[in-house]
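Remarks on the overall topology
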Amino acid sequence: MEGKMGWAVADAVDYKGFPADRSKTGGWVPAALILGIEICERLSTMGIAVNLVTYLGGTMHLPSTTSANIVTDFMGTSFLLCLLGGFLADSFLGRYKTIAIFSLVQTLGTGLLAISTRLPQLRPPPCNIATKKCEQANGLEMGVLYLSLYLIALGTGGLKSSVSGFGTDQFDEKDEKEKTQMAYFFNRFFFLISTGTLMAVTVLVYIQDEVGRSWAYGICSVSMFIAVLIFLSGTKRYRYKKSAGSPIVHISQVIVAAIKKRNLNLPSNFNLYEDTPESTRIHHTDQFRCLDKAAIVAEGDYEKISSSSAPNPWKLCSVTRVEEVKMMISLLPIWATTIIFWTTYAQMITFSVEQASTMKRSIGNFQIPAGSLTVFFVGAILITLAVNDRVIMPLWKKWKGNQGFTNLQRISIGLIMSIAGMAVAALVEVKRLSVAKSTDHTNSTGDLPISVFLLIPQFFLIGSGEAFIYTGQLDFFITQSPKGMKTMSTGLFLTTLSFGFFVSSFLVSVVQRVTGTHDGHGWLTDNINNGRLDLFYGLLAVLSFINFGFYLICSMWYKSNDKKNRALQMGNVVSVNGSSAAEEKC
């Protein structure tokens, strides 16, 4: 029995609930089965998002601003629902069931989208060429489209919250060999995300434009269903780790307990309740002291369970639990100042695609789909990652002695590139509008005699910025969060993408309301040749610049506060039996 247990992974079980056998479970094969789900998720979500604006305007006959907002709301909801998926996985379903259920939901959503784009009854009739009048999609047609999109968003949210975590569950952090394999897993995970996106913006977009959208979305649905079957085939080989509970519940308990005890005075010597083992304990710090009241022992905090009593977690929380919440709160300023990057990112899959649709896109006899211009995003990401890994990091190590940029430095580089990207986008749009005016295309929808490749710099700058800010944010939120809230911190990171898209929708609506006129003029018009998209891009560049200033302040506060907290950590906390940590140590 002892020999057998030596082959077991301490904190993992197999599909029957027994200790996981290291030789029969986990490793690269199960991890590869999980990664297949992520490829298909990226293929579906990005394949739909990057070219949806042309379908909404060209087929559903919706206004330009409405089309852009539908796309950004769809993407924003997808990432926001990661919090729901993470909560369900941590509290009820577990990661395996969450992935299986939500991948089927996404399969259903893409299948319904394929049907809605195929049936003539679910889209308005073509525009009348003679009268140039177009009938907008009615309530039923838009209702089916919305149902399809938000089923896909729900599936995406559930998948993204659990796929990376369940993949890392297949490797044992306590084993040096498997710990090294886990590092490679993260690299390959991000590489496959980029691969799925690359296939989406090239092959899938081409099929949408040249063969038919229903065929493209049908391919997404079938590929996801096959990926689910492959995923389920590995059930017996997976390692399953028990959840420690939802971080959202833990945070809520600390806040509720602190509010209930808001009128109590903190002990002068900060002798507070602690029941966490010494090895995993987080010592008290001097920030957000109002939350410390959740760790004050008061009458009625204990409840009798069987023959013993235990603290009610909604009335009394340990110092470690309180400190975990403090750590999460300290991340919020950085979280808030990174949202604007994803607002600029949203323009690359909405208005920049509309720009591309008005420009010359042919290479010989081949017509490049407007949505495929986002391939320069992926190219910029891959090139930036390669240059950073092979050139910048070695040189930086020789010069500074550090292994590349810190996470906060990478975030700042990404924000700077977004400012430059929006400034360049505004200048390119000035040039495009001047060509439209000189060739009398201001009221026309035909292709302008100007190359679409002028848009490459703005795509490349934002894409390169994404490579820095995505890796920087992910590193920051995971490494600076408490161990028990890694999933929560990943969800917090993904909400920056969500709010970035929602802020984009809000800005578009505000600009349309402020600058729009009754005769259809303004910054953002249905025919962008007759609008001032350059001013909108300029506004985003200014907002990004102001936001960068706030980011610098927040990052300096975080670094100074982090050093201060490390210096102020104290060990005089009360253990379960009421003795101090010092006494317990003696």
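It should be noted that the structure appears before, not after, this text.
These lines cover the structure that appears in this document, whether it is placed above or below. These numbers were taken from a predicted model, which means no experiment stands behind them. (Residues numbered from 1 in each chain as written. Predicted model: local features only at pLDDT ≥ 70, side-chain atom pairs only at ≥ 80, totals over all residues. Heavy atoms only, no water.)

Regarding the overall build of the protein
A count of helices and strands for the protein gives 19 helices and eight strands. Per-residue burial for the protein yields a buried fraction of 52% across its 586 residues. Put simply, of all contacts in the protein between residues at least 6 apart along the chain, 80% involve residues at least 24 apart. Carbon together with sulfur atoms contributes 63% to the accessible area of the protein, which is approximately 26800 Å² in total. (Helix = DSSP H or I, 4+ residues; strand = E, 2+ residues; numbered from the N terminus. Buried < 20%, exposed > 50% of the residue type's maximum accessible area, 1.4 Å probe, protein only. Contact = heavy atoms within 4.5 Å. Areas by Shrake-Rupley, 256 points an atom, 1.4 Å probe, with all protein chains shown as cover.)

Observations concerning unusual backbone geometry
A positive phi is found at H61, a non-glycine position, where the angle reads about 60°. Tracing the sequence through the fold places H61 in the loop between helix 2 (28-58) and helix 3 (64-93). When its relative accessible area of 10% is taken as the criterion, H61 is described as buried. Phi is positive for F288, which is not a glycine, with a value near 50°. On the secondary structure map, F288 appears in the loop between helix 9 (247-260) and strand 3 (302-305). Residue class for F288 comes out partly exposed when judged on its relative accessible area of 28%.

Quick word on the packing of helix 14 (residues 375-400) against helix 16 (residues 456-479)
How two helices pack is summed up by the angle between their axes together with the distance between the axes. Between helix 14 and helix 16, the least distance of the axes is 7 Å, while the angle of their chain directions is 50°. Comparing the axis directions of helix 14 and helix 16 gives the class oblique. Every pair of crossing elements has a handedness; the one defined by helix 14 and helix 16 is right-handed. Along its contact with helix 14, which presents F376, F377, A380, I381, I383, T384, L385 and N388, the element helix 16 presents I456, F459, F460, I462, G463, S464, E466, A467, F468 and T471. The residue inventory of the contact of helix 14 with helix 16, partitioned by class, reads 12 nonpolar, five polar and one charged. (Axes fitted to C-alpha atoms, helices over the stretch in contact; angles between N-to-C directions. Parallel < 35°, antiparallel > 145°, perpendicular 65-115°, else oblique. Left-handed = near helix turned anticlockwise from the far one by under 90°. Nonpolar A, V, L, I, M, F, W, Y, C, P; charged D, E, K, R; others polar.)

Observations concerning the pairing of strand 8 (residues 448-451)
Burial along strand 8 is one-sided: L448 and I450 are buried, and none of P449 and S451, which face the opposite way, are. With two bridges joining them, strand 5 (residues 359-360) and strand 8 adopt parallel strand pairing. Looking at strand 8, one finds that K360 is bridged to S451. (Pairing = 2+ DSSP bridges.)

Structural notes on the state of the cysteines
Applying the stated criterion across every chain, the model contains one disulfide. Here C40 is not disulfide-linked; the sulfur of C220 is the nearest cysteine sulfur, at 8.6 Å. Exposure remark for C40: the relative accessible area of 11% places this residue in the buried category. (Disulfide = S-S within 2.5 Å.)

Quick notes on the side chain of T45
The residue T45 is located in helix 2 in this model. Among the polar contacts listed, one links the side chain of T45 to the side chain of Q106, at a separation of 3.4 Å. Dropping the residues within four chain positions of it, T45 is found in contact with F74, M75, Q106 and T156. (Polar contact = N/O pair within 3.5 Å; in protein donor to acceptor, adjacent residues only side chain to side chain.)

Looking at helix 8 (residues 213-233)
Here helix 8 spans 30 Å end to end across 21 residues, near enough to the 30 Å set by a 1.5 Å rise per residue. Along helix 8, the residues classified as buried are R213, S214, A216, Y217, C220, S221, S223, M224, A227, V228 and F231. (Expected span 1.5 Å × (residues − 1).)

Let's talk about the pattern of salt bridges
Side chains bearing opposite charge may pair, as long as their charged atoms lie close to each other. Counting across every chain of the model gives 13 salt bridges. One salt bridge connects E429 with R432, and the closest N-O pair in it is separated by 2.8 Å. Placement of the pair is E429 and R432 together in helix 15 (residues 407-438), with a separation of three residues, close to one helical turn. Judged on exposure class, the residue E429 and its partner R432 are both buried. The network of salt bridges with common partners includes E38, E41, R42 and K160. (Salt bridge = Lys/Arg side-chain N within 4 Å of Asp/Glu carboxyl O.)

Some remarks on a nonpolar patch on the surface
Taken together, the side chains of V542, L543, F545, I546, F550, L552, I553 and M556 present a nonpolar region at the surface, about 780 Å² in accessible area. Tracing the sequence through the fold places F545 in helix 18 (residues 533-568). Under the relative-accessibility criterion, F545 is labelled exposed at 56%. (Patch = residues over 30% accessible without salt bridge, like charges linked within 9 Å, V, L, I, M, F, W, Y side chains within 5 Å.)

What to know about the packing of helix 2 against helix 8
Interaxial distance between helix 2 and helix 8 falls to 8 Å at its minimum, and their mutual angle equals 165°. By the angle class used here, helix 2 and helix 8 are roughly antiparallel. Judged by the twist between their axes, the crossing of helix 2 over helix 8 is left-handed. Only R213, Y217, C220, S223, M224, A227, V228, I230, F231 and S233 of helix 8 make contact with helix 2, whose side of the interface consists of L33, I34, G36, I37, C40, E41, L43, S44, I48, N51, T54 and Y55. Taken together, the residues of the contact of helix 2 with helix 8 break down into 14 nonpolar, six polar and two charged.

With respect to the packing of aromatic side chains
Overall, the coordinates contain 24 aromatic pairs when judged by the stated rule. Taking 5.3 Å as the distance between ring centres and 70° as the angle between the ring planes, the aromatic pair formed by W28 and F171 counts as edge-to-face. Taken as a pair, W28 in helix 2 and F171 in the loop between helix 6 (163-168) and helix 7 (176-210) lie far apart in primary sequence, 143 residues in all. Its relative accessible area of 26% is what places W28 among the partly exposed residues. Residue F171 is classed as buried on the basis of its relative accessible area, which comes to 0%. With 5.0 Å between their ring centres and 85° between their planes, Y470 and F493 make a pair best called edge-to-face. Taken together, the positions of Y470 in helix 16 and F493 in helix 17 (residues 486-515) put the pair 23 residues apart, joining distant regions of the chain. Here Y470 and F493 have matching classes, each one buried. (Phe/Tyr/Trp six-rings, centres within 6.5 Å; stacked < 30°, edge-to-face > 60°.)

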